[in-house]
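# Observations on the model geometry
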Amino acid sequence: MRRVLPVLVVTAAIVVIWYAASVWMNSTWTLDQAERAGETPTFGQIVADTMAQDRPLLPPPHQVAAELWELTAEKKITSKRSLVYHGWITLQATMLGFAVGAIMGIALAIGIVHSRTMDMSVMPWAIISQTVPIVAIAPMIIVLSNAVGIDGRTVPKTIISAYLSYFPVLVSMVKGLRSPDAMQLDLLRTYSASNAQTFWKLRLPASLPYFFASMKVAVAASLVGAIVGELPTGAIQGLGARMLIGSQFGEPMIMWTALFAAAILAAGLVFLVGLLERLALRLTGQGAP
Amino acid sequence: MADRIEHSVKPPVIVAEDLNLTFQTSDGPVHALKDVTLTIGKGEFVSFIGPSGCGKTTFLRVIAALEQPTGGTITVNGVSPDAARRARAYGYVFQAAGLYPWRTIAGNVKLPLEIMGFSKAEQDERVRKVLELVDLSGFGKKYPWQLSGGMQQRASIARALAFDADILLMDEPFGALDEIVRDHLNEQLLKLWARTEKTIGFVTHSIPEAVYLSTKIVVMSPRPGRITDVIESPLPRERPLDIRDTPEFLQIAHRVREGLRAGHAYDE
């Protein structure tokens, strides 16, 4: 209970602020309409109106929740408006990009830890790659992959998603694989252990906590990457496409529901990684007693 | 005196002659070891004692081929430290137990056996035997965090003993433990030494510990790291804890203290 209370308080505060902001932002429209009709609405009337507009600037929580429910649970998933359908499109690219990014990050980290040359030559480029805004690169990746004859958007979306997710994995895994101290490494030297044995018996298991921390960041970054990959050049499928359509056609409800669908998806993915982490730590005896 | 003669005729296991080791640092060269000459016979228990920077740990690391000397010669079992390591001549115990938190106690003790390629059956048999040797039978399935500091260090000793090395090198193994646990482990270590007849090199800060355990005490001093005194202990090999109150014991302790004082520069 002591842990639930603060969480509830924070959540309630956010909802209250959200409602207040909804009233404030949507009231412009309400007052505008009233003025044209020559009416002067009371404060109660204004609030009531801001809660139920068709195209609210900032839809209040209950509207978003209702719309989310309609677009996920009540729509058939084959419908072009179903968020389950669009979420699934985005999830596919996310998972592909996540897999590619994670493998790439781990492989590069292994190389960097074992080779000073790779450390010097790869690490700077990895860092530079992250200073380039992804929204600048995304359209180029899509255009280039079309130019080399790749149909559809799965491949470019996967590339963009992997581009965002490999970096946190790389940085964490380099740190994790280097986490054994000098004494631990000396101990293995006294056994005349090979580099491969040092890797499998010491470095890899020691990096496990770092691995899972990076997986949580990477899976969320993959989702962002997939969505960014859907934004440019008129995609019509995926959560990113819904966000773009919503903003272009002045339909805030579409935008907000897509946004929340993405957030819920990300939370679910991070939660899933957390479960795997707990399982792995328990299997290796490191779980909390 | 017959005891001392018996010591000196034991075949030498570690022979160092004019050993030098100089580290190049940004502040100029540091003489970690200077002209160190020492012979350690089979079955001896040799303690290295001295203040920080006297080279006692460095010397142990040279024996273990973890450091390369810059001058002089050293042989372990008649060959170079490197060759001796490949022949599994020694087990090394560090100041911290350094057990892998993701492995059980048995799994930790098994680590060197896996690396050295022992068969599964032999691994299990050896783990059982060495855990019994350090009084940890029944703790094999526990994880390190479930054991006290003293028990963890015993497990790390078991790990060093698992592959039957003749030499046990211990670098302040009980330095991080409290005095009561330390006394207990010292007593156990002597029993283990008597049973296994290993040659032990033991680095310590503690005069009572050095005198209580050793057949030979090597007193060292810093800047440059060198040997200032080598004391052959006249104490019998069988040593109850209260031997530390006997005049002989106090006499050796006094000589160690004198050696430390003589070698210590009081200009800092």
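As the structure is a prediction and not an experimental result, all values here were calculated from the model. (Residues numbered from 1 in each chain as written. Chains lettered and ligands numbered in written order. Predicted model: local features only at pLDDT ≥ 70, side-chain atom pairs only at ≥ 80, totals over all residues. Heavy atoms only, no water.)

In this section: the interface of chain A and chain B. The interface of chain A with chain B comprises 21 residues on the first partner and 23 residues on the second. For the pairing of chain A and chain B, the buried interface totals around 2100 Å² over both sides, and the portion due to carbon and sulfur atoms is 63%. Ranking the residues of chain A by area buried against chain B places T190(A), Y191(A) and K201(A) at the top, with a combined share of 31%. Taken together, the connections running from chain A to chain B amount to two salt bridges. Note that R61(B) is salt-bridged to D186(A), the shortest N-O span being 2.8 Å. Our count for the chain A to chain B interface comes out at five residue pairs in polar contact (both at pLDDT 80 or more). Among the elements of the structure, α8 (182–190) and α9 (195–206) of chain A are those that each provide at least two residues to the side of chain A that touches chain B. If you tally residues by element for the side of chain A that touches chain B, the top one is α8(A), at seven residues. Its residues assigned to classes, the side of chain A that touches chain B shows 10 nonpolar, eight polar and three charged. (Contact = heavy atoms within 4.5 Å. Buried area = accessible area lost by both parts, 1.4 Å probe. Salt bridge = Lys/Arg side-chain N within 4 Å of Asp/Glu carboxyl O. Polar contact = N/O pair within 3.5 Å; in protein donor to acceptor, adjacent residues only side chain to side chain. Helix = DSSP H or I, 4+ residues; strand = E, 2+ residues; numbered from the N terminus. Nonpolar A, V, L, I, M, F, W, Y, C, P; charged D, E, K, R; others polar.)

Residues and elements named next belong to chain B. Over its 14 residues, helix α5 (residues 120–133) runs 20 Å from end to end, which matches the ideal 20 Å to within 8%, given 1.5 Å per residue. By the burial criterion, the buried members of α5 are Q123, R126, V127, V130 and L131. Down the axis, α5 shows its buried residues gathered within 125° of arc, on one side only. The elements touched by buried residues of α5 are α4 (105–116) and α6 (149–161). Positive backbone phi, at 65°, marks D135, one or two positions downstream of α5. (Expected span 1.5 Å × (residues − 1). Buried < 20%, exposed > 50% of the residue type's maximum accessible area, 1.4 Å probe, protein only. Arc of directions from axis to C-beta.)

A word on the environment of E209(B). All names here are of chain B. Within the fold, E209 resides in helix α8 (residues 207–213). Sequence separation of E209 and S47 is 162 residues, and the distance between their C-alpha atoms is 8.8 Å. Those residues in contact with E209 that sit more than four places away from it in its chain are F174, R182, N186, F202 and T204. A polar atom in the side chain of E209 sits 2.6 Å from the side chain of T204.

To continue, consider the packing of helix α1 (residues 4–37) of chain A against helix α2 (residues 43–50) of chain A. Residue and element names in this part refer to chain A. Taken N-terminus to C-terminus, the directions of α1 and α2 make an angle of 100°; their axes are 8 Å apart at the nearest point. One element, α1, and the other, α2, form an angle in the roughly perpendicular class. Residue-level contacts link S22, V23, N26, S27, W29, T30 and L31 of α1 to I46, V47, D49 and T50 of α2. (Axes fitted to C-alpha atoms, helices over the stretch in contact; angles between N-to-C directions. Parallel < 35°, antiparallel > 145°, perpendicular 65-115°, else oblique.)

Residues and elements named next belong to chain B. Of the two faces of strand β5 (residues 90–93), the one lined by Y90 and Y92 and the one lined by G91 and V93 are each fully buried. By the bridge criterion, four bridges tie β5 to strand β6 (residues 167–171) in an arrangement that is parallel. Counterpart to V93 in the pairing with β6 is M170. (Pairing = 2+ DSSP bridges.)

Honestly, it's all geometry; don't read function into it.
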